[in-house]
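Each chain is listed here by its residues.
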Amino acid sequence: MAFIKFSKLPRHQQYQYKPRFWNPEKEDLEERLKRVEELKAGEAEGIKARLSGSFRRGYQKAEDNRFRQRQVQRSNLVLLGVIALLLLFSYLFISVYLPEIAAAIGE
């Protein structure tokens, strides 16, 4: 015996993928050409684009890589110094104030 359906059950949705051709080299070329045209214009937007581009490309050069390594070493040394000072202060706190705190609690 066939079952009578009063409502229609929804079917699952299917993904319709339509592949498109993408050429990253062509897109990069178009972006560079657009940037060059903005730079040639000499307007405020061109100057902003030039400056932001130089900031983005800043750390990619070998000289800047050495600069970055020095900055990382400096920050690591500062971090090491802060940790050493914290350890020293905690040792002094424990050695000076802990016996007094223990005596006050014990009374």
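Residues numbered from 1 in each chain as written. Predicted model: local features only at pLDDT ≥ 70, side-chain atom pairs only at ≥ 80, totals over all residues. Heavy atoms only, no water.

Let's talk about the overall build of the protein
Consideration 1: Helix and strand counts for the protein stand at 3 helices and 0 strands.
Consideration 2: Its helices and strands in sequence order give the protein the pattern α-α-α, from N to C terminus. (Helix = DSSP H or I, 4+ residues; strand = E, 2+ residues; numbered from the N terminus.)

Quick word on the packing of aromatic side chains
Consideration 1: In this structure the tally under the stated criterion is 1 aromatic pair.
Consideration 2: Seen from their ring centres, F93 and Y97 are 5.5 Å apart, and the 40° between their planes marks the pair as tilted. Linking F93 with Y97, this pair stays in helix α3 (residues 62-106), spanning 4 residues, or about one helical turn.
Consideration 3: Note on Y97: relative accessible area 43%, which makes it partly exposed. (Phe/Tyr/Trp six-rings, centres within 6.5 Å; stacked < 30°, edge-to-face > 60°. Buried < 20%, exposed > 50% of the residue type's maximum accessible area, 1.4 Å probe, protein only.)

So, helix α1 (residues 24-41)
Consideration 1: Between its terminal C-alpha atoms α1 stretches 26 Å, which fits the 26 Å expected from 18 residues at 1.5 Å a residue.
Consideration 2: Between the side-chain oxygen of the N-cap and the backbone nitrogen of E25 there are 3.3 Å, and the N-cap of α1 in question is N23. (Expected span 1.5 Å × (residues − 1). Polar contact = N/O pair within 3.5 Å; in protein donor to acceptor, adjacent residues only side chain to side chain.)

Thoughts on the pattern of salt bridges
Two side chains with opposite charge may pair up if their charged atoms get near one another.
Consideration 1: Considering all chains together, one arrives at 1 salt bridge under this definition.
Consideration 2: In this structure, the salt-bridge partner of D28 is R32, at a minimum N-O distance of 3.6 Å. Of this pair, D28 and R32 both sit in helix α1, 4 residues apart, which is roughly one turn of that helix.
Consideration 3: By relative accessible area, D28 is classed as partly exposed at 41%. (Salt bridge = Lys/Arg side-chain N within 4 Å of Asp/Glu carboxyl O.)

Some points on a nonpolar patch on the surface
Consideration 1: A cluster of nonpolar side chains, namely F93, I94, V96, Y97, L98, I101 and I105, defines an oily patch on the protein surface of about 690 Å² accessible area.
Consideration 2: In this structure, V96 sits in helix α3.
Consideration 3: Taking relative accessible area as the criterion, V96 reaches 43% and is therefore assigned partly exposed. (Patch = residues over 30% accessible without salt bridge, like charges linked within 9 Å, V, L, I, M, F, W, Y side chains within 5 Å. Areas by Shrake-Rupley, 256 points an atom, 1.4 Å probe, with all protein chains shown as cover.)

Regarding the confidence of the model for the protein
Consideration 1: On average, residues of the protein carry a pLDDT of 81, and 79% of them reach 70 or more.
Consideration 2: Predicted confidence in the protein is weakest over helix α2 (residues 44-56), with a mean pLDDT of 67, and strongest over α3, with 90. (pLDDT = per-residue confidence, 0-100.)

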